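Coordinate inspection notes
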Amino acid sequence: MENLDLGLNINQKETANRVRIFFKYTFPNYLIKAGLHRTDLKSPQLDPTGVAVHGRNSAEIRMTQIFDMQDKCRAVYQAIDHCSDSQNQPFRTILKALYIDELKDWQVADKVKYSDSRYGDLKRYACCQFADTIETWKVVYDVDIPDLKIVNRCNIGAESGSSRG
């Protein structure tokens, strides 16, 4: 099956892999440091405190770090929540089921009622859309989350055309 044109100039396979690694290793670390559990993210009423701590002592610094991790978790949740979710593009459903509810791939494929091969394509597209959408929420929450998109490389050899000899 050919790639769905998501309007992004990205390498879908590598980007989706980077998103899966993010959700396997980085996101759980955010949750732990934020003092949150995945179930805390299911509620759309994540209570953004809006508190800006301008402290000088170590307790205040630690609280600022906790708030930053909570904001990172909120940014991830909002990015998932703003992905497409239609019969043909059930990206939000896939992402929430996999990375918030922690369902297995076969359970999610059954939930969205697609064959394993089609589900694999949809999961890749969902990850790519998440990688694009998180960029907006990083700005909204003013957080530093790694860039997840792998941009297609075109004419790289032509740009570095220095000769040796």
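Since the model is a prediction, treat every value here as computed from it, not as a measurement.

**Concerning the side chain of R38**
Following the sequence through the fold, R38 ends up in the loop between α1 (12-34) and α2 (58-81). Under the relative-accessibility criterion, R38 is labelled buried at 11%. Reaching out from R38, the side chain makes a polar contact with the backbone oxygen of Y99 at a distance of 2.4 Å.

**Here's the deal with helix α3 (residues 91-99)**
For α3, the set of buried residues is F91, I94, L95, A97, L98 and Y99. In this structure, the buried side of α3 is in contact with α1, α2, α4 (105-112) and α5 (116-140).

**Regarding the packing of aromatic side chains**
The final tally for this structure, using the stated rule, is 8 aromatic pairs. When the centroid spacing of 5.5 Å and the interplanar angle of 75° are considered together, the rings of F23 and F27 count as edge-to-face. Highlighted residues: F23 and F27, both in helix α1, separated by 4 residues, approximately one helical turn. A single burial state applies to F23 and to F27, both of which are buried. Measuring from centroid to centroid gives 4.1 Å for F23 and Y99, while their planes differ by 10°, and the two rings are stacked. With F23 in helix α1 and Y99 in helix α3, the pair connects residues that are 76 residues apart, well separated along the chain. Judged by relative accessible area, which is 3%, F23 ranks as buried. By way of ring pairs, the aromatic residues F22, F23, F27, Y30, Y99 and F130 are connected into one cluster. Positioned over the ring face of Y114 is R118, at 5.8 Å from the centre of the ring.

**Notes on the confidence of the model for the protein**
The share of residues in the protein with pLDDT of 70 or more is 79%, and the mean pLDDT across the chain is 84. The least confident element of the protein is helix α6 (residues 156-159), whose mean pLDDT is 44; the most confident is α3, at 97. Note that pLDDT drops below 50 for residues 49-55; the model gives that stretch 6 contacts with residues more than four away or on any other chain. Residue range residues 155-165 is modelled with pLDDT below 50. Its contacts to residues more than four positions away, or to other chains, number 1 contact.

What counts, and where the lines are drawn
- Residues numbered from 1 in each chain as written.
- Predicted model: local features only at pLDDT ≥ 70, side-chain atom pairs only at ≥ 80, totals over all residues.
- Heavy atoms only, no water.
- Helix = DSSP H or I, 4+ residues; strand = E, 2+ residues; numbered from the N terminus.
- Buried < 20%, exposed > 50% of the residue type's maximum accessible area, 1.4 Å probe, protein only.
- Polar contact = N/O pair within 3.5 Å; in protein donor to acceptor, adjacent residues only side chain to side chain.
- Contact = heavy atoms within 4.5 Å.
- Phe/Tyr/Trp six-rings, centres within 6.5 Å; stacked < 30°, edge-to-face > 60°.
- Lys NZ or Arg CZ within 6 Å of the ring centre and 35° of its normal.
- pLDDT = per-residue confidence, 0-100.

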